[in-house]
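Here is what each chain is made of, one letter per residue.
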Amino acid sequence: MYIRELFDNKKLVMSAEVFPPKKNGMLEGVIRALKEIKPLDPDYVSITYGASGSGGMTTADVASVVIDAFDMTAVAHMTAVNMTKELLEERLQMLSRKGVKSILTLRGDIVEGSRFYDFRHANELAAYIKERYPEFELLGACYPEGHPEAASLDADIEMVKLKTECGVSHLVTQLFFDNATFYDFAEKAGKAGINATVSAGIMPITNTQQVERIVSMCGVQIPTAFSKICANYQGEDLYKAGIDYAIGQIRDLIDHGVQGIHLYTMNKGDVARAVFSAFEGDRK
Ligand code: FAD
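Residues numbered from 1 in each chain as written. Predicted model: local features only at pLDDT ≥ 70, side-chain atom pairs only at ≥ 80, totals over all residues. Heavy atoms only, no water.

J.: Quick one: what's the story with the pairing of strand β8 (residues 260–264), residue by residue and with numbers?
T.: Of all 5 residues making up β8, 5 are buried, and the element is well covered by its neighbours. What you see with β8 is no split at all: Gly260, His262 and Tyr264 on one side and Ile261 and Leu263 on the other are buried throughout. As defined by bridge partners, strand β1 (residues 13–18) adjoins β8 across 5 bridges and the pair is classed as parallel. Note that in β8 the partner of Val13 across the bridge is Gly260. The sheet contact formed by strand β7 (residues 197–202) and β8 spans 4 bridges and is parallel. Within β8, the residue paired with Ile202 across the bridge is Leu263. (Buried < 20%, exposed > 50% of the residue type's maximum accessible area, 1.4 Å probe, protein only. Helix = DSSP H or I, 4+ residues; strand = E, 2+ residues; numbered from the N terminus. Pairing = 2+ DSSP bridges.)

This is the structure we're talking about:
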């Protein structure tokens, strides 16, 4: 099923993101997570692409498992970093053979060893795929607080618009902890003429190291209510408080009419279960 069909037909679209193993094979961890995620009935599962363009094969392998073994809709992430036209053709044909219909086109995180060959930005990847493989539905990333490299939120929104003009029909946001940033972004994106559907990306934070990593990697703002949780709770208490915070964020988003929620599960089936089960009634 295409993601646009979900948004055409459901009042609430809840998806889950998993990551594949760093090495080929060794799928046990992600399969364990998928076993826990399947009964939650996510509308789709997205599978990340390794940093610096590594692990494209495992993304495709996990997508295939999501579709064939678990009978769920899969979205495969794909990055421009270290990507040539030749490699992209190979990857797309493989994804097509495995039954993947939707691709989340990204630039990719820049790490040591990152190079750009035929594609520099997500929109270039999207335009190429749209032209040569129009059967794929394309998704893209957006940043409620603006992408860290962008000169301003407005400038970044123009680049998101460009992405949609290149064929991206659905956007998934970077994680955020302050819903006000999302509402502000959604309003600005609408005014800028972006009419793609949007899923709000939520990551339940369940341990202290996660907070430090997220802030340094994504540069997202930490609102006072959330920093108090991080300062005052540890261990099991932080785990519970982090899940409750994510549930509170999602409840507020739904109350504001947000149709798409994307949960960054970090392959933690227990966390996904706690969050999804809080919204069973909303999904009927
Ligand atoms: P782009 O859209 O290319 O934007 C990057 C920067 O360049 C922005 O500042 C933007 O304003 C600017 N820009 C965009 N287009 C142009 C243009 N044509 N000309 C000039 N400037 C431009 N990373 C991975 O490695 N693997 C993953 O699986 C993965 N999944 C992700 C899923 C989601 C939902 C999100 C939000 C991020 C994900 N990332 C992943 C991280 C992502 O690769 C990084 O955030 C990266 O820094 C930017 O990716 P992008 O697709 O938004 O890039």
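J.: Pulling in residues and values, what's your account of the sheet that holds strand β5 (residues 137–142)?
T.: Pairing is parallel in the closed barrel, where 8 strands are placed in the order β1-β2-β3-β4-β5-β6-β7-β8. Averaged over all adjacent pairs, the angle separating strand axes in this sheet is 30°, with direction ignored. Of the pairings in the sheet, the one linking β1 to strand β2 (residues 44–47) comprises 4 bridges and is parallel in character. Along β2, the bridge assignment pairs Ala16 with Val45. Against the sheet, helix α2 (residues 28–37) makes contact with β1 and β2, and its axis sits at roughly 165° relative to β1, the strand it touches most. (Axes fitted to C-alpha atoms, helices over the stretch in contact; angles between N-to-C directions. Contact = heavy atoms within 4.5 Å.)

J.: Got a sec to walk through the pattern of salt bridges? Specific residues and values, please.
T.: Pairs can form between side chains of opposite charge once their charged atoms are near each other. Counted according to the given criterion, the structure contains 10 salt bridges. Of the charged contacts, one joins Arg107 and Glu149 as a salt bridge, the two residues approaching to 2.8 Å between their closest N and O atoms. Residue Arg107 is located in the loop between β4 (102–106) and α5 (122–132), and its partner Glu149 is located in the loop between β5 and α6 (153–165); the two are separated by 42 residues in the primary sequence. Residue Glu187 is joined to Lys191 by a salt bridge in which the shortest nitrogen-to-oxygen separation is 3.1 Å. One end of the pair is Glu187 and the other is Lys191, both in helix α7 (residues 179–191) and 4 residues apart, which spans about a single turn. (Salt bridge = Lys/Arg side-chain N within 4 Å of Asp/Glu carboxyl O.)

J.: A description of the packing of helix α9 (residues 224–232) against helix α10 (residues 235–255) should follow, citing residues and the corresponding values.
T.: For the pair α9 and α10, the least separation of the axes is 9 Å and the interaxial angle reads 165°. Of the possible angle classes, the one that applies to α9 and α10 is roughly antiparallel. In the packing of α9 onto α10, the handedness of the crossing is left-handed. Counting all contacts with α9, which are made through Ala225, Phe226, Ile229 and Cys230, the residues of α10 involved are Leu238, Ala241 and Tyr245. (Parallel < 35°, antiparallel > 145°, perpendicular 65-115°, else oblique. Left-handed = near helix turned anticlockwise from the far one by under 90°.)

J.: Provide a residue-level description of the environment of Glu89, including the pertinent values.
T.: Secondary-structure assignment places Glu89 in helix α4 (residues 85–97). Residues Glu89 and Tyr44 lie 45 residues apart in sequence; the distance between their C-alpha atoms is 24 Å. Among residues more than four places away in sequence, those in contact with Glu89 are Tyr128, Arg132 and Tyr133.

J.: I'd like to hear about the packing of aromatic side chains, residue by residue, with values.
T.: Per the counting criterion, the structure on display carries 6 aromatic pairs. On the basis of an interplanar angle of 75° and a centroid distance of 5.4 Å, the ring pair of Phe119 and Tyr128 is categorised as edge-to-face. In terms of burial, Phe119 and Tyr128 fall into one category: buried. Ring centres of Phe226 and Tyr245 lie 4.7 Å apart, and the angle between their planes is 55°; on these two criteria the pair is classed as tilted. Highlighted residues: Phe226 in helix α9 and Tyr245 in helix α10, separated in sequence by 19 residues. Pair check on accessibility: Phe226 and Tyr245 agree, each one buried. (Phe/Tyr/Trp six-rings, centres within 6.5 Å; stacked < 30°, edge-to-face > 60°.)

J.: Report on the site of the ligand, specifying residues and quantitative values.
T.: The ligand sits among 25 residues. The nearest are Tyr49, Arg107, His121, Tyr143 and Asp156. At 2.8 Å from an oxygen atom of the ligand is found a side-chain nitrogen or oxygen belonging to Arg107. Of all elements in the fold, only β3 (74–79), β4, α5 and α6 reach the threshold of two or more residues within the shell around the ligand. Within the shell around the ligand, the residues separate by chemical class into 12 nonpolar, 8 polar and 5 charged. (Near = heavy atom within 4 Å. Polar contact = N/O pair within 3.5 Å; in protein donor to acceptor, adjacent residues only side chain to side chain. Nonpolar A, V, L, I, M, F, W, Y, C, P; charged D, E, K, R; others polar.)

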